[in-house]
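Architecture and fold: a report
Okay, here's what each chain looks like letter by letter:
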Amino acid sequence: MANIVYFTMFVLSVLNIILLSIVVKQQRCFYPVTLFMLISVSCFGYVTMANASNVPVALLGNIMTYFGACFLPYCFLLCISELCQTPVKKWMSLLMFAYNAAVFYLVWITLDGVTLYYADMELIQRGGISMLVTQPGPLRILYEISVVFYAIAVVGVIIHAFRTNKNISYKNLWMLISLELITMVIYAYEKIFDHTVDWVC
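Notes on the structure in this doc start here. No experiment lies behind these values; they were computed from the predicted model shown.

Thresholds, definitions, all that
- All chains use their own residue numbering, which begins from 1 and follows the written sequence.
- Residue-level local features of this predicted model are given only where pLDDT is at least 70; pairs of side-chain atoms are given and counted only at 80 or more, and the full residue set underlies all totals for whole chains, interfaces and linings.
- Think of the side-chain values as coming from all heavy atoms in the structure, minus any hydrogens and water.
- Each pair of strands is called paired provided DSSP finds at least two bridges between the two strands.
- The helix count covers DSSP runs of H or I at least four residues long, the strand count covers runs of E at least two residues long, and both are numbered beginning at the N terminus.
- By this rule the span expected of a helix is its residue count minus one, scaled by 1.5 Å.
- Each residue is assigned to one of three classes by its accessible area relative to the maximum for its type, calculated with a 1.4 Å probe on protein chains only: buried under 20%, partly exposed between the two thresholds, exposed over 50%.
- Note: the arc covers the axis-to-C-beta directions of the helix.
- Residues are treated as being in contact if the distance between any of their heavy atoms lies within 4.5 Å.
- Axes here refer to lines fitted to C-alpha atoms; in helices the fit is confined to the stretch in contact. Angles between the N-to-C directions go from 0 to 180 degrees.
- By the definition adopted for this analysis, an angle is roughly parallel if under 35 degrees, roughly antiparallel if over 145, roughly perpendicular if from 65 to 115, and oblique otherwise.
- Crossing handedness: left-handed means the near helix sits turned counterclockwise from the far one by under a right angle, and right-handed means the same turn made clockwise.

1. Comments concerning the pairing of strand β1 (residues 118-126)
- Here β1 runs beside strand β2 (residues 129-136); their pairing, made up of 8 bridges, is antiparallel. Bridge pairing in β2 links R126 to I129.
- Between β1 and β2, which pair antiparallel and follow one another directly, the connecting turn spans 2 residues, one of which, G127, has a positive phi of 60°.

This is the structure:
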């Protein structure tokens, strides 16, 4: 089932990129297209991990998922800020990007056996798919910090937009709030309970 879910999400994300590019090709749509591109890379990473036959291949898939995991929240925040007409200052955007890049680099160097992000890892089979079981390293907490930061930042931007009564689409804002809350609930659930499919993808 996990394989079908991941592959379906990958195909849908690619189709969304194509449709979005066609529908709004005459408009500025950098962030939405970038979001779906990151989702596509992340979903392909899940497909790679699910079909991996050894740890190096699983690690490569894991790196692809983290490419999305590290930069999706960042891009989502910028997208929300633009929609809410609350632009993020350039120095702050660069600082957030640098932080995300640093976390991604920590994941990348696991290919060389560096144990700063993962102290240990093992490839197991469960439910007909491969799963990379990892033990957190000393710097794994940096990713958790970024997850909490972006969740708070997105909610903060949306609340600010409501309070300032700007000329924005409240229907879209409610939809984005719901999406953010659902993602947070799923992420918390997967951290607490055992699971096979990573539904955050």
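And the narrative resumes.
2. Things to note about helix α4 (residues 90-108)
- For α4, which comprises 19 residues, the first-to-last C-alpha distance of 26 Å matches the rise-based estimate of 27 Å (1.5 Å per residue) to within 8%.
- Among all positions in α4, only S93, M96, N100, V103, F104, L106 and V107 are buried. All buried residues of α4 lie within an arc of 155° about the axis, which places them on one face of the element. Turned more than 90 degrees off the buried face of α4, the exposed positions are K90, W91, L94 and L95.
- Looking at the buried side of α4, the elements it contacts are α3 (55-83) and α5 (141-164).

3. Some remarks on the packing of α3 against α5
- Taken N-terminus to C-terminus, the directions of α3 and α5 make an angle of 15°; their axes are 9 Å apart at the nearest point. In terms of orientation, α3 lies roughly parallel with respect to α5. Viewed along their axes, α3 and α5 form a crossing whose handedness is left-handed. Across the interface between the two elements, Y66, A69, P73, Y74, F76, L77, I80 and S81 from α3 touch Y143, Y150, A153, V154, V157 and I158 from α5.

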